[in-house]
Amino acid sequence: MSGLIAKYPDLSACRNDTEAGYRCLSRAYRAGGKLLACGNGGSAADSEHIVGELIKGFMSKRPLSADRRIMFESLFQKDGAYLADHLQGALPAISLVSHSALVTAYSNDVAADMVFAQQVYGLAKPEDVLLAISTSGNSGNVVRAVRVACALGVTTIGLTGSSGGTLADLCAVTIRVPWKSTPDIQERHLPIYHTLCMMVEQDFFGGMDEDGLEEDGDVRRA
């Protein structure tokens, strides 16, 4: 967290909420949950970016545990060793924006502003976290997804601009970037979610922290 604030002093206003968001994610992963992420436009791209940092190694190479390596090698001999060498520990995450067939079908057949809500209804469990990204905090399809998540008992994190919009009243945690212009907000969303991904990765896999220091994971290796 100190590295984030050093590079972006204006984000000191987000420190407490960012730390709260990290605790939500860490708690979800300890409980066997996953992250769902959604947003529109640039925030849709951010959703995909976040999943990339969680499913594979980010600041850590995340080698498989000895038990997992033995499992693959015992099942597939030579190719098992290749699998074990090239797989990395994963933190489960799904970007709701990437399901093009479902998104287009539901938009055409039912309602475009209900696609994310339907995905949350079909995929989310109480131990999961929904990360809702909206610079205004008022994107209708994102807000409806959060409402469904709340009804299902799913923890919600909003990533917004300064006002927080509707999401500020709905989400368990809302990280509000202290800017009003969409490009300015999006520029600062990236270092915030990078920090969240680094902090959770350290918990589970160790690796480099945001200040470039080696740390050992103290939870598990998958």
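Residues numbered from 1 in each chain as written. Predicted model: local features only at pLDDT ≥ 70, side-chain atom pairs only at ≥ 80, totals over all residues. Heavy atoms only, no water.

As for the side chain of Ser 43
What counts, and what does not: Where helices and strands are cited, they refer to DSSP runs of H or I of at least four residues and of E of at least two residues respectively, numbered from the N terminus. Whether two residues are in contact is decided by their heavy atoms, any of which lying within 4.5 Å being enough.
Note that Ser 43 resides in helix α3 (residues 42–55). Each residue touching Ser 43, except ones within four places of it in the same chain, is listed here: Ile 133, Ser 134, Thr 135 and Gln 186.

Details of empty space enclosed by the protein
As a reminder, the rule being used: Residues are said to line a cavity or pocket when one of their atoms sits within 4 Å of a point; the points come from a 1 Å grid over protein atoms alone, cavities being sets where a 1.4 Å probe fits but cannot get out and pockets being open sets with protein on both sides within 12 Å along at least five of seven lines. Grid points are joined across faces, edges and corners, and a volume is the space filled by probe spheres set on the points.
A complete count under the given rule lists one cavity of 30 Å³ or more for this structure. Approximately 40 Å³ is the volume found for the largest cavity. Lining the largest cavity we find Leu 25, Leu 35, Ile 50, Leu 54, Leu 131, Tyr 193, Leu 196 and Cys 197. Among the secondary structure elements, those contributing two or more residues to the lining of the largest cavity are α3 and α9 (182–205). Counting residues per element, the lining of the largest cavity draws most heavily on α9, which supplies three residues.

Describing the nonpolar core
What counts is decided by this rule: For the purposes of this section, nonpolar cores are sets of buried Ala, Val, Leu, Ile, Met, Phe, Trp, Tyr and Cys residues that join through side-chain atoms within 4.5 Å. For each residue, the accessible area found with a 1.4 Å probe, counting protein chains only, is set against the maximum for its type, and the residue is called buried under 20%, exposed over 50%, and partly exposed in between.
By size, the foremost hydrophobic cluster in this structure holds 35 residues, and its most contacted members are Tyr 29, Leu 35, Ile 50, Leu 54, Leu 131, Ile 175 and Ile 192. Here this core gets nine residues from one element, more than from any other, and that element is α9. Residues within four places of Ile 192 in sequence aside, it is in contact with Leu 4, Leu 11, Cys 14, Thr 18, Leu 159, Ile 175 and Val 177. Within the second largest apolar cluster, 18 residues are counted, among which are Ala 132, Val 142, Val 143 and Ala 145.

Purely geometric numbers; function is a separate question.
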